[in-house]
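Take a look at the letters that make up each chain.
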Amino acid sequence: MHFVKSRLYISIIPPYIPAPRLVNRMAGAAEVVLGLGLIFESTRSVAAYGIILLLIAVFPANLYMYQKKNKGLPKWLLLLRLPMQLVLIGWAYLYT
């Protein structure tokens, strides 16, 4: 979705992060590559560590979206999304 709905993703990148278009493309590409890496046993562990790093890297955008750019989503849902990152990190860790 980073490539299909890029304006949405760019809009939730905090203003202190430079080159939001480039950051969005890089995050989208990383999601695709790391997702593919999970498929193969030989790359699964490295991909899982990459996903953990990516989840940490995108946390500021999720926080910024909760604080400033709700995009019509309920505030409680955006708040729930924040600790959900920890659950996803834990899930990814199972594949390391």
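Now for a description of the structure that goes with this document.

Cut-offs and rules
- Residues numbered from 1 in each chain as written.
- Predicted model: local features only at pLDDT ≥ 70, side-chain atom pairs only at ≥ 80, totals over all residues.
- Heavy atoms only, no water.
- Helix = DSSP H or I, 4+ residues; strand = E, 2+ residues; numbered from the N terminus.
- Rg over C-alpha atoms; globule rule 2.2 N^0.38 Å.
- Buried < 20%, exposed > 50% of the residue type's maximum accessible area, 1.4 Å probe, protein only.
- Contact = heavy atoms within 4.5 Å.
- Areas by Shrake-Rupley, 256 points an atom, 1.4 Å probe, with all protein chains shown as cover.
- Patch = residues over 30% accessible without salt bridge, like charges linked within 9 Å, V, L, I, M, F, W, Y side chains within 5 Å.
- Salt bridge = Lys/Arg side-chain N within 4 Å of Asp/Glu carboxyl O.
- 1 Å grid on protein atoms, 1.4 Å probe; cavity = no way out; pocket = protein on both sides within 12 Å on 5 of 7 lines; lining within 4 Å.
- Points joined across faces, edges and corners; volume = space filled by probe spheres on them.
- Nonpolar A, V, L, I, M, F, W, Y, C, P; charged D, E, K, R; others polar.

1. Describing the overall build of the protein
Here is step 1 of the chain: What the protein contains, in helices and strands, is four helices and zero strands.
Here is step 2 of the chain: Across the protein, helices and strands are ordered from the amino to the carboxyl terminus as α-α-α-α.
Here is step 3 of the chain: Against the 2.2 N^0.38 benchmark of 12 Å for 96 residues, the protein shows a C-alpha radius of gyration of 14 Å, consistent with a compact globule.
Here is step 4 of the chain: Within the protein, the fraction of its 96 residues that count as buried is 26%.
Here is step 5 of the chain: Restricting the contact set of the protein to residue pairs at least 6 apart, pairs at least 24 apart contribute 50%.
Here is step 6 of the chain: With the model as given, the accessible surface of the protein reaches about 6,700 Å², and the carbon-plus-sulfur share is 71%.

2. A word on unusual backbone geometry
Here is step 1 of the chain: Positive phi, close to 50°, is recorded for Ala19, a residue that is not glycine.
Here is step 2 of the chain: Looking at the element boundaries, Ala19 is found in the loop between α1 (6-11) and α2 (20-39).

3. Some remarks on the side chain of Gln85
Here is step 1 of the chain: Residue position: Gln85 is located in helix α4 (residues 75-93).
Here is step 2 of the chain: Leave out the neighbours within four places in its chain, and Gln85 touches Leu55, Val58, Phe59 and Asn62.

4. Digging into a nonpolar patch on the surface
Here is step 1 of the chain: Judged by side-chain polarity, Met1, Phe3, Val4, Val32, Leu36, Ile39 and Phe40 come together as a nonpolar surface patch covering roughly 750 Å² of accessible area.
Here is step 2 of the chain: Topologically, Ile39 is positioned in helix α2.

5. Some thoughts on the layout of surface pockets
Here is step 1 of the chain: There is about 650 Å³ of room inside the largest pocket.
Here is step 2 of the chain: His2, Ala27, Glu31, Leu54 and Val58 are the residues nearest the centre of the largest pocket, which is lined by 25 residues in total.
Here is step 3 of the chain: Taken together, the elements giving at least two residues each to the lining of the largest pocket come down to α2, α3 (41-67) and α4.
Here is step 4 of the chain: Taken together, the residues that form the lining of the largest pocket break down as 18 nonpolar, five polar and two charged.

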